[in-house]
Amino acid sequence: MGHAKTSFVCLPCRASYKQPYPLPGDRGRSCPRCGEPLIHVGSAFAAPRRRDTAAWRVLSLLLHAGVGFHKSCCGGPGYRPRTLGAARARMAHARAAGEPFATALTRPELP
């Protein structure tokens, strides 16, 4: 039986790689194309097409805010905005309400 794999991404290359889960004490992974560090995004990640720059901008915004794509007990990572407009609206709400960006970005509905 093989080991479970999870997704890692390289934002500069716009590439996604499935690799084994990192072990405790693992120093990190580097991109085979450019050598930059890979970002662990989780096993419930579906990469956008490489030429879809808007989707990669939204993904970069989510990852820098600390939002991942890890499976939960109910079968998925939950809501994640797909457009830059939806992400900006949630970030504006977070600034006005004083809540963390990661919480506002994973909220399915704005109050």
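Above this note sits the structure.
Residues numbered from 1 in each chain as written. Predicted model: local features only at pLDDT ≥ 70, side-chain atom pairs only at ≥ 80, totals over all residues. Heavy atoms only, no water.

**Q** Please explain the side chain of Ser7 as it appears in this structure.
**A** As for its placement among the helices and strands, Ser7 is situated in strand E1 (residues 5–10). Residues contacting Ser7, with those up to four places away along its chain left out, are Ser16, Tyr17, Lys18, Ile39, His40, Val41, Gly42, Ser43 and Phe45. (Helix = DSSP H or I, 4+ residues; strand = E, 2+ residues; numbered from the N terminus. Contact = heavy atoms within 4.5 Å.)

**Q** I keep staring at helix H2 (residues 84–97) and nothing clicks. Help me out?
**A** Think of an α-helix as 3.6 residues a turn; residues three or four steps apart then line up on the same face. Relative to the 20 Å expected for 14 residues at 1.5 Å per residue, H2 spans 20 Å between its end C-alpha atoms, a close match to the ideal helical length. Within H2, burial applies to Leu84, Ala86, Ala87, Arg90, Met91 and Ala94. For H2, the arc enclosing every buried residue in end-on projection is 160 degrees, short of the 170-degree limit, so these residues lie on one face. Turned more than 90 degrees from where H2 packs its buried face, Arg88 and Ala96 sit exposed. Packing partners of the buried residues in H2 comprise helix H1 (53–64) and helix H3 (101–105). Positioned one or two residues after H2, Gly98 has a phi angle of 75 degrees, which is positive. (Expected span 1.5 Å × (residues − 1). Buried < 20%, exposed > 50% of the residue type's maximum accessible area, 1.4 Å probe, protein only. Arc of directions from axis to C-beta.)

**Q** Looking at this model, I keep getting lost on the packing of aromatic side chains. Mind explaining?
**A** Any pair of aromatic rings gets described here by the distance separating the centres and the angle formed by the planes. Inspection of the entire model under this criterion finds one aromatic pair. Ring centres of Phe45 and Phe69 lie 5.2 Å apart, and the angle between their planes is 65 degrees; on these two criteria the pair is classed as edge-to-face. One end of the pair, Phe45, is in the loop between strand E3 (39–42) and H1; the other, Phe69, is in the loop between H1 and H2, and 24 residues separate them in sequence. Judged by its relative accessible area of 10%, Phe69 falls in the buried class. One Lys or Arg, Arg80, reaches over the ring of Phe69 and ends 5.5 Å from the middle of that ring. (Phe/Tyr/Trp six-rings, centres within 6.5 Å; stacked < 30°, edge-to-face > 60°. Lys NZ or Arg CZ within 6 Å of the ring centre and 35° of its normal.)

**Q** Would you mind going over the environment of His64 with me for this structure?
**A** In this fold, His64 is placed in helix H1. Looking at His64, the relative accessible area reads 63%, which means it is exposed. It is 20 Å that separates the C-alpha atoms of His64 and Pro22, two residues lying 42 residues apart in sequence.

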